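Chain and residue survey
What follows is each chain in one-letter form.
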Amino acid sequence: MSNRPPFFHRVAFGFASQGWRGSQVLWKIANVLQEVRAREAVRLANGFPIVVNSKDWISKTIYEGTYERALLKFLDGLTLNETYIDVGANIGVTLWHSLKGAAPTATFMAFEPSAQCFEALNRTRADINHLGQILDFAVGDVDEVRPIYGLENQAHSGAASLASHPGIRGAQGEVRVCKLDTYLQSNLGDRNISILKVDTEGYEAQVVNGAKEILHSGKVEIIVMEVSPNFGSVEYLKEVGQL
């Protein structure tokens, strides 16, 4: 993939990704001056490969350089040596940034249960040189099949969750769920976990409850977790805080 976004889009991306005020106005001007075709595959200025989709919030904010700027900057500054575990990988942007400067010894496991993300996630995986696995099931506190909500939401590919709440949009389906402890028992071996990242749209408590063994093992170096108090209790943070 060698296509680059149009010149003015690259300029707007540069300002936005650095957090400059007024970047939203700059993007409006850039979109008037130059257009990019929907579904065009491009490589952003930071190197991330993406297919243009302005209708999807995740893809749009990544393309414009406004997606989780502080988090991506933090991940860019790390040099991982062990395993990166991504629970709720979506299209793989945090996966890609985490491994961008990683040592050759680094590996990964990326869990994503929403089929809507698979095409883009596999494209991201193809741009990563490290050994790893894309796993098309969810992580929680049980080893069974559970309902999943918010599928096929064309406005937000990252909104699917095993937690049902009034604001969720999209279709309902079923997905295999596995405890992280269960999966890692036979797949991690003697490796440590450089980063455990959890972003499951309100299902974080269940992920923590199914990962108590690994969390208390001393193998996890860094935890990056989305906290969603609007989806329910965040008492699970006490478990994480005791590590």
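Residues numbered from 1 in each chain as written. Predicted model: local features only at pLDDT ≥ 70, side-chain atom pairs only at ≥ 80, totals over all residues. Heavy atoms only, no water.

What follows deals with the environment of Ala-160. Along the chain, the position of Ala-160 falls in the loop between β7 (144–151) and β8 (171–179). Owing to a relative accessible area of 18%, Ala-160 belongs among the buried residues under this scheme. In sequence terms Ala-160 and Val-227 are 67 residues apart; their C-alpha atoms lie 16 Å from each other. Apart from residues lying up to four places away in sequence, Ala-160 is in contact with Ser-114, Ile-148, Tyr-149, Gly-150, Leu-151 and Glu-201. (Helix = DSSP H or I, 4+ residues; strand = E, 2+ residues; numbered from the N terminus. Buried < 20%, exposed > 50% of the residue type's maximum accessible area, 1.4 Å probe, protein only. Contact = heavy atoms within 4.5 Å.)

Let us look at the packing of helix α1 (residues 7–17) against helix α3 (residues 57–64). Between α1 and α3, the shortest axis-to-axis distance is 8 Å and the interhelical angle comes to 90 degrees. The angle between α1 and α3 places the two elements in the roughly perpendicular class. Where α1 approaches α3, its residues His-9, Phe-13 and Ala-16 are matched on the opposing element by Ile-62, Tyr-63 and Glu-64. Here the contact of α1 with α3 is composed, by residue class, of four nonpolar, one polar and one charged. (Axes fitted to C-alpha atoms, helices over the stretch in contact; angles between N-to-C directions. Parallel < 35°, antiparallel > 145°, perpendicular 65-115°, else oblique. Nonpolar A, V, L, I, M, F, W, Y, C, P; charged D, E, K, R; others polar.)

In this section: unusual backbone geometry. Within the chain, Arg-39 stands out as a residue other than glycine whose phi angle is a positive 70 degrees. The residue Arg-39 is located in the loop between α2 (23–33) and β1 (41–43) in this model. Its identity as a non-glycine residue notwithstanding, Glu-152 has a phi of 60 degrees, on the positive side. Relative to the helices and strands, Glu-152 is located in the loop between β7 and β8. For Glu-152, a relative accessible area of 59% gives the class exposed.

This part covers the side chain of Asp-86. When you line up the elements, Asp-86 lands in strand β3 (residues 83–87). A polar atom in the side chain of Asp-86 sits 3.4 Å from the side chain of Tyr-84. Apart from the residues within four sequence positions on either side, Asp-86 is in contact with Thr-94, Leu-95, Met-109, Ala-110, Phe-111 and Lys-197. (Polar contact = N/O pair within 3.5 Å; in protein donor to acceptor, adjacent residues only side chain to side chain.)

Applying the stated criterion to the full structure yields eight aromatic pairs. Relative to Tyr-63, the ring of Trp-27 has its centre 5.7 Å away and its plane inclined at 45 degrees; by these criteria the two rings are tilted. Highlighted residues: Trp-27 in helix α2 and Tyr-63 in helix α3, separated in sequence by 36 residues. Residue classification places Trp-27 among the buried residues on the basis of a relative accessible area of 4%. We classify Tyr-63 as buried; its relative accessible area is 7%. With a centroid separation of 6.2 Å and 65 degrees between ring planes, the pair formed by Trp-57 and Tyr-67 is classed as edge-to-face. Taken together, the positions of Trp-57 in helix α3 and Tyr-67 in the loop between α3 and α4 (69–76) put the pair 10 residues apart, joining distant regions of the chain. (Phe/Tyr/Trp six-rings, centres within 6.5 Å; stacked < 30°, edge-to-face > 60°.)

Before going further, it helps to spend a moment on the pattern of salt bridges. When the charged atoms of two side chains lie near each other, side chains of opposite charge can form a pair. All chains considered together, the criterion is met by eight salt bridges. A salt bridge links Arg-123 to Glu-119, with the nearest nitrogen and oxygen atoms 3.3 Å apart. Residue Arg-123 and its partner Glu-119 are located together in helix α6 (residues 118–126), separated by four residues, close to a single helical turn. What you see here is one network of salt bridges that share partners, running through Arg-39, Glu-119 and Arg-123. (Salt bridge = Lys/Arg side-chain N within 4 Å of Asp/Glu carboxyl O.)

The mixed open sheet is built from three strands, whose spatial order is β6-β8-β7. Edge strands, defined here as strands with exactly one partner in the open sheet, are β6 (138–140) and β7. Taking each pair of neighbouring strands and ignoring which way they run, the sheet shows an average axis angle of 50 degrees. As defined by bridge partners, β6 adjoins β8 across three bridges and the pair is classed as parallel. Of the residues in β8, the one forming a bridge with Gly-140 is Lys-179. Seen against the sheet, helix α7 (residues 180–187) touches β6 and β8 and runs at an angle of roughly 50 degrees to β8. (Pairing = 2+ DSSP bridges.)

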